Amino acid sequence: MRVTAGLLPAEGPLFSTGRWLAAMSGRVPGSPYTFELGGAILHGTVVARPHPGEAFDLGTLLAADTARLPLSPATRAARAGRTSWPGCAPHLVVMLPGYECHALGPAGEDAAAVEALVGEIVAWARGRALRAVAFLFTRGRALERALGGQGFTGIPMSYSCELTPGAPLPARRAKEARRELRRLAEAGVRLRTSEISRPVPGMVDLKCGHSLKYGGNPDPVAAARRLEALCSGGALLFSAELGERLLGYGLFVPHRDTWYCVSTAMAYDVREARHTYFATAFYEPAARAAEAGVGRLHYGHGAWRAKLSRGCRAIELPIWVLALDPELKPLIEWSARTTTPAP
């Protein structure tokens, strides 16, 4: 097996491209590695210490009652009553920094090649005295079949949401969408679509406000750097503007036959901005994508109920975990018994 810190093949999802890896640098703190064997490629990061609340933190995924995950009420109740599990770090997270795990390369769909690579990754992690190996939010039959064959425990954990452009909304939702768009127009808000290669004025401030609202620590420098990287090479900006002021936006990056929604924000303190999120993240992009013949819009994790109500379908993403330290095996088994995603 060849282990490097090199770039990944761009024929995979957006999350394997150099643009995305530059934008998300450091999002999963630790040492990143590219694992390659027989034409199959996987990307992973050694997470050296706990990061409670993060969706790459194994302890959080297995046992925490966190709003970041779409957990069923029964799972939340079970997790609220268990607080004495051992820590999981250091562990290896095998995942692209877009919260999806894909086997890449020319043999990425070859079951035998992927299984051989998984076995080598486990041996590599064991040789470094890591406590566990976790493949997070997997997509692909060959990969999941290989993990099951290597003794990993699969646990349903989250949803990614996708929308097929041109698919009709249910009648009630379509009526609601028309009403929201009408109210924006009545408030003097203009919706605009632009091709951009760098952030426009107001985007960084809106993103920092978004981070603050949802419990983050706004960092204008980091936000600007990430938006610069996401826009480089070309992006689509769906904006809502009142006069010269940006009230909200949805930023999409086209990649192959998909438009990826990579950033959204709105001015939460401005009354006229109320309906801009759905307009700039769903209604306008869906209409433009249908006109352009785009195959799908990708929205990722989080706020899945709102996304479903705007025409998306939810794709269940499991995690697969193997304990290398026997102390973690009871935790993994308990999590597999008690974890179900919200319906």
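Keep in mind that what you see is a predicted model, and the values were worked out from it rather than measured.

*Asks:* Where do I start with the sheet that holds strand β1 (residues 2-4) in this structure?
*Replies:* The pairing of strands in a sheet comes from backbone hydrogen bonds and takes either a parallel or an antiparallel form. Pairing in this open sheet of 12 strands is mixed, and the strands run β1-β2-β3-β4-β5-β12-β6-β11-β10-β9-β8-β7 from one edge to the other. Of all the strands in the sheet, just β1 and β7 (190-196) have a single pairing partner and so form its edges. With strand direction ignored, the average angle separating the axes of adjacent strands in the sheet is 30 degrees.

*Asks:* What exactly am I supposed to notice about the packing of aromatic side chains here?
*Replies:* The relation between two aromatic rings is expressed through the spacing of the ring centres and the mutual angle of the planes. Inspection of every chain in the model, using the stated rule, returns 17 aromatic pairs. Ring centres 4.9 Å apart and planes at 65 degrees place the aromatic pair Y33 and W124 in the edge-to-face group. Of this pair, Y33 sits in strand β2 (residues 31-37) while W124 sits in helix α4 (residues 111-127), and the two are 91 residues apart along the sequence. Judged by its relative accessible area of 24%, Y33 is partly exposed. Given a relative accessible area of 9%, W124 falls into the buried group. Ring centres of W85 and W334 lie 5.3 Å apart, and the angle between their planes is 45 degrees; on these two criteria the pair is classed as tilted.

*Asks:* Sorry, what's going on with the pattern of salt bridges here?
*Replies:* In a structure, side chains of opposite charge can pair up when their charged atoms sit close to one another. Inspection of the entire model under this criterion finds 19 salt bridges. In this structure, R68 and E54 form a salt bridge, with 3.8 Å as the shortest nitrogen-oxygen distance. Taken together, the positions of R68 in the loop between α2 (58-63) and α3 (73-80) and E54 in the loop between β3 (40-47) and α2 put the pair 14 residues apart, joining distant regions of the chain. Note on E54: relative accessible area 21%, which makes it partly exposed. Connected via shared salt-bridge partners are E100, R139, E162, R296 and R313.

*Asks:* Which parts of the structure should I look at to understand helix α5 (residues 141-149)?
*Replies:* Because an α-helix completes one turn every 3.6 residues, residues spaced three or four positions apart along the sequence face the same direction. Taken as a whole, α5 has its buried residues at A142, L143, A146 and L147. All buried residues of α5 project into a common sector of 130 degrees when viewed along the axis, lining one side. Exposed residues on α5 whose side chains face more than 90 degrees from its buried face are R141, R145 and G149. Where the residues of α5 are buried, they touch β3, α4, β5 (132-136) and β12 (313-323).

*Asks:* I keep staring at unusual backbone geometry and nothing clicks. Help me out?
*Replies:* With the exception of glycine, most residues fall at negative phi, and the peptide bonds are largely trans. P90 follows A89 through a cis peptide bond whose omega is 0 degrees. Of note, P90 is situated in the loop between α3 and β4 (91-94). In this structure, A129 takes a positive phi of about 60 degrees despite not being glycine. Mapped onto the fold, A129 is located in the loop between α4 and β5.

Conventions used here
Residues numbered from 1 in each chain as written. Predicted model: local features only at pLDDT ≥ 70, side-chain atom pairs only at ≥ 80, totals over all residues. Heavy atoms only, no water. Pairing = 2+ DSSP bridges. Helix = DSSP H or I, 4+ residues; strand = E, 2+ residues; numbered from the N terminus. Axes fitted to C-alpha atoms, helices over the stretch in contact; angles between N-to-C directions. Phe/Tyr/Trp six-rings, centres within 6.5 Å; stacked < 30°, edge-to-face > 60°. Buried < 20%, exposed > 50% of the residue type's maximum accessible area, 1.4 Å probe, protein only. Salt bridge = Lys/Arg side-chain N within 4 Å of Asp/Glu carboxyl O. Arc of directions from axis to C-beta. Contact = heavy atoms within 4.5 Å.

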